[in-house]
Amino acid sequence: MTGEAIPGPDGRLRCPWGLSAPDYVTYHDEEWGRPVHGDDALFERLSLEAFQSGLSWITILRRREGFRRAFAGFEIAAVAAFGEADRERLLADEGIIRNRAKVDATLANAKLLAQWSPGELDGLIWSYAPDPAHRPVPRTVTEVPAVTEESTALSKALKKRGVRFVGPTTAYALMQACGLVDDHVTGCVARGGN
């Protein structure tokens, strides 16, 4: 693969990763890079990006419904109310990634975020969205960064406020997934919300 947009089975050009597995096509076309707002929705994405750390995204994507069931649809208030029995249930749940540190971080983050004002997580995350006019459009996937100045700043801001498991790379993946940046390559059908 050259990293440039390539035609899919329907002839439409897509980022190469969007065609690397059948599960990716819909996610690539309809979700990745589209703006996501709302504290619960962003908590879900933040949590899933943390679970993805060290794994491939396809692993998380294929288990997303299991994560949603296990974590009460990622409703912050509901997850914040989880107790030790819930933690043990999560660590035994084969429908998710049973990583103790990631489960504990998700539970701790929910308890923390439940204390924030409504819209505070959304406002904080989106305050780090870079000006699209100052971002070059990637021609190939090799031109897409893994970390940026903004993702490093977002990571620091979240950590300073007590959010766990959100390094600069995880923060950038969150920015990509939630539409703070548009890293679809030139010619991709999903570029710019097409």
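Above: the structure in question.
Criteria and cut-off values
- Residues numbered from 1 in each chain as written.
- Predicted model: local features only at pLDDT ≥ 70, side-chain atom pairs only at ≥ 80, totals over all residues.
- Heavy atoms only, no water.
- Helix = DSSP H or I, 4+ residues; strand = E, 2+ residues; numbered from the N terminus.
- Rg over C-alpha atoms; globule rule 2.2 N^0.38 Å.
- Buried < 20%, exposed > 50% of the residue type's maximum accessible area, 1.4 Å probe, protein only.
- Contact = heavy atoms within 4.5 Å.
- Core = buried A, V, L, I, M, F, W, Y, C linked by side-chain atoms within 4.5 Å.
- Salt bridge = Lys/Arg side-chain N within 4 Å of Asp/Glu carboxyl O.
- Expected span 1.5 Å × (residues − 1).
- Phe/Tyr/Trp six-rings, centres within 6.5 Å; stacked < 30°, edge-to-face > 60°.
- Lys NZ or Arg CZ within 6 Å of the ring centre and 35° of its normal.

Q: Looking at this structure, how should I read the overall build of the protein chain?
A: For the protein chain, the count of helices and strands is nine helices and two strands. Moving toward the C terminus, one meets the helices and strands of the protein chain in the order β-β-α-α-α-α-α-α-α-α-α. Here the C-alpha radius of gyration of the protein chain, 17 Å, is about what a compact globule of 194 residues would show, namely 16 Å. Based on the C-alpha atoms only, the size of the protein chain along its principal axes is roughly 50 × 35 × 25 Å. Counting every position in the protein chain, which comprises 194 residues, the buried fraction comes to 48%.

Q: Sorry if this is basic, but what is going on with helix α1 (residues 22-30) here?
A: Because each turn of an α-helix spans 3.6 residues, side chains separated by three or four positions in sequence point in the same direction. All buried positions along α1 are accounted for by Tyr24, Tyr27, His28 and Asp29. Contacts made by the buried residues of α1 are with β2 (13-14), α3 (57-70) and α9 (168-177).

Q: How do you make sense of the nonpolar core when you look at a structure like this?
A: For soluble globular proteins, nonpolar side chains are generally found buried alongside one another. In terms of nonpolar packing, the biggest core is built from 48 residues, with Phe43, Phe67, Phe71, Leu90, Leu121 and Val163 touching the most fellow members. Counting residues per element, this core draws most heavily on α3, at six residues. Among the nonpolar cores identified, the runner-up in size contains five residues, and Ala5, Val185, Cys188 and Ala190 belong to it.

Q: Could you clarify how one ought to interpret the pattern of salt bridges in this entry?
A: Opposite charge on two side chains lets them pair, provided their charged atoms get close. Considering all chains together, one arrives at 17 salt bridges under this definition. Two residues, Arg45 and Glu31, come together in a salt bridge whose shortest N-O distance is 3.6 Å. Remark: Glu31 occurs in the loop between α1 and α2 (39-52) and Arg45 occurs in helix α2; sequence separation between them is 14 residues. When sorted by exposure, Arg45 lands in the same class as Glu31, which is buried. Notably, a salt bridge pairs Glu84 with Arg87, separated by 3.3 Å at the nearest N-O pair.

Q: Would you mind showing me how to read helix α6 (residues 100-113) here?
A: For α6, with 14 residues, the first-to-last C-alpha span of 20 Å sits near the 20 Å given by 1.5 Å per residue. Considered for burial, the residues of α6 that qualify are Lys102, Val103, Ala105, Thr106, Leu107, Asn109, Ala110, Leu112 and Leu113. The secondary structure elements touched by the buried residues of α6 are α2, α4 (76-80), α5 (84-92) and α7 (120-126).

Q: What's the story with the environment of Arg191 in this structure? I'm lost.
A: Among the secondary structure elements, Arg191 is positioned in the segment after α9. Among residues more than four places away in sequence, those in contact with Arg191 are Val137, Pro138, Asp182, Asp183, His184 and Val185.

Q: It is not clear to me how unusual backbone geometry should be interpreted in this structure. Could you clarify?
A: Residues apart from glycine generally show negative phi values, whereas peptide bonds are mostly found in trans. At Ala72, a position not held by glycine, the phi torsion is positive, near 50 degrees. Along the chain, the position of Ala72 falls in the loop between α3 and α4. When its relative accessible area of 34% is taken as the criterion, Ala72 is described as partly exposed. The phi torsion at Phe165 lies on the positive side, around 60 degrees, for a residue other than glycine. In this fold, Phe165 is placed in the loop between α8 (149-160) and α9. Here Phe165 falls in the partly exposed class, since its relative accessible area comes to 34%.

Q: Please clarify how the environment of Gly162 should be interpreted in this entry.
A: Considering the arrangement of structural elements, one finds Gly162 in the loop between α8 and α9. For the pair Gly162 and Ala108, spaced 54 residues apart in sequence, the C-alpha to C-alpha distance is 9.0 Å. Filtering out sequence-adjacent residues up to four positions away, Gly162 remains in contact with Asn109 and Leu112.

Q: Mind showing me how you'd approach the packing of aromatic side chains here?
A: A ring pair, where both rings are aromatic, is described by two values, the distance of the centres and the angle of the planes. Here the structure, examined in full by the defined rule, presents nine aromatic pairs. Taken together, a centroid distance of 5.4 Å and an interplanar angle of 90 degrees make the contact between Trp17 and Tyr24 edge-to-face. Under the relative-accessibility criterion, Trp17 is labelled partly exposed at 23%. A relative accessible area of 11% places Tyr24 in the buried class. Seen from their ring centres, Phe51 and Phe71 are 5.9 Å apart, and the 55 degrees between their planes marks the pair as tilted. Here Phe71 lies in the loop between α3 and α4 and Phe51 lies in helix α2, a separation of 20 residues in the sequence. Side by side, Phe51 and Phe71 carry an identical accessibility label, which is buried. Of the aromatic side chains, those joined through ring pairs into one cluster are Trp17, Tyr24, Tyr27, Trp32 and Trp57. In this structure, Arg89 packs its charged tip against the face of Phe82, placed 5.2 Å from the ring centre. The residue whose ring lies beneath Arg161 is Trp116, and the NZ or CZ to ring-centre distance is 4.0 Å.

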